[in-house]
Amino acid sequence: MSRFLSRWLVLTIAAGVMVALLPGMEAVGEPPVLGVAAFSLFLALINASIKPVVQLIALPISILSFGLFALVLNWLFMELASWLAMSLFDVGVIIHGFLWAVLGSFIMAIVSGIVDAVIGD
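Note that the structure is predicted; figures quoted are calculated from it, not measured.

Scoring rules and cut-offs
Residues numbered from 1 in each chain as written. Predicted model: local features only at pLDDT ≥ 70, side-chain atom pairs only at ≥ 80, totals over all residues. Heavy atoms only, no water. Helix = DSSP H or I, 4+ residues; strand = E, 2+ residues; numbered from the N terminus. Rg over C-alpha atoms; globule rule 2.2 N^0.38 Å. Expected span 1.5 Å × (residues − 1). Buried < 20%, exposed > 50% of the residue type's maximum accessible area, 1.4 Å probe, protein only. Patch = residues over 30% accessible without salt bridge, like charges linked within 9 Å, V, L, I, M, F, W, Y side chains within 5 Å. Areas by Shrake-Rupley, 256 points an atom, 1.4 Å probe, with all protein chains shown as cover. Salt bridge = Lys/Arg side-chain N within 4 Å of Asp/Glu carboxyl O.

Each helix and strand in the protein was counted, giving six helices and two strands. The order of helices and strands in the protein, counted from the N terminus, is α-β-α-α-α-α-β-α. For the protein, whose C-alpha radius of gyration is 14 Å, the value lies close to the compact-globule estimate of 14 Å for 121 residues. Projecting the C-alpha coordinates of the protein onto the three principal axes gives extents of approximately 45 × 35 × 25 Å.

The following block contains the structure:
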């Protein structure tokens, strides 16, 4: 359980940086960090539960597309996390397009790697 909570904290920090840097991402909520935390919660749940299975099933397509299909999967998971947060809690992160989601994925990967190294689970 503590591993999940630390992963949620890391994703919240990374999503906060992503929202702050990208104009195509918009945090909804009062305060905005509440929207980022809700978005990160659902993203952490998706990453822990269905993402590994979907990536394994989509592995042949990812190989044939030289990994570009993984960008589509990341976009879909970010959209799903955004939709779940907005529909259940009325807060979250609005993603304004595929390109912003791809850039956001890169930023989140870099920032979460740095924060994870600093926290050192």
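Once that is clear, we can look at helix α5 (residues 68-89). Relative to the 32 Å expected for 22 residues at 1.5 Å per residue, α5 spans 32 Å between its end C-alpha atoms, a close match to the ideal helical length. Buried residues of α5: Leu73, Phe77, Met78, Ala81, Ser82 and Ala85, and no others. Once α5 ends, the next one or two residues include aspartate 90, with phi positive near 60 degrees.

A separate point is a nonpolar patch on the surface. Where nonpolar side chains cluster on the molecular surface, the patch consists of Leu9, Ile13 and Ile119 and spans about 240 Å² of accessible area. When you line up the elements, leucine 9 lands in helix α1 (residues 2-21). Residue leucine 9 is classed as partly exposed on the basis of its relative accessible area, which comes to 45%.

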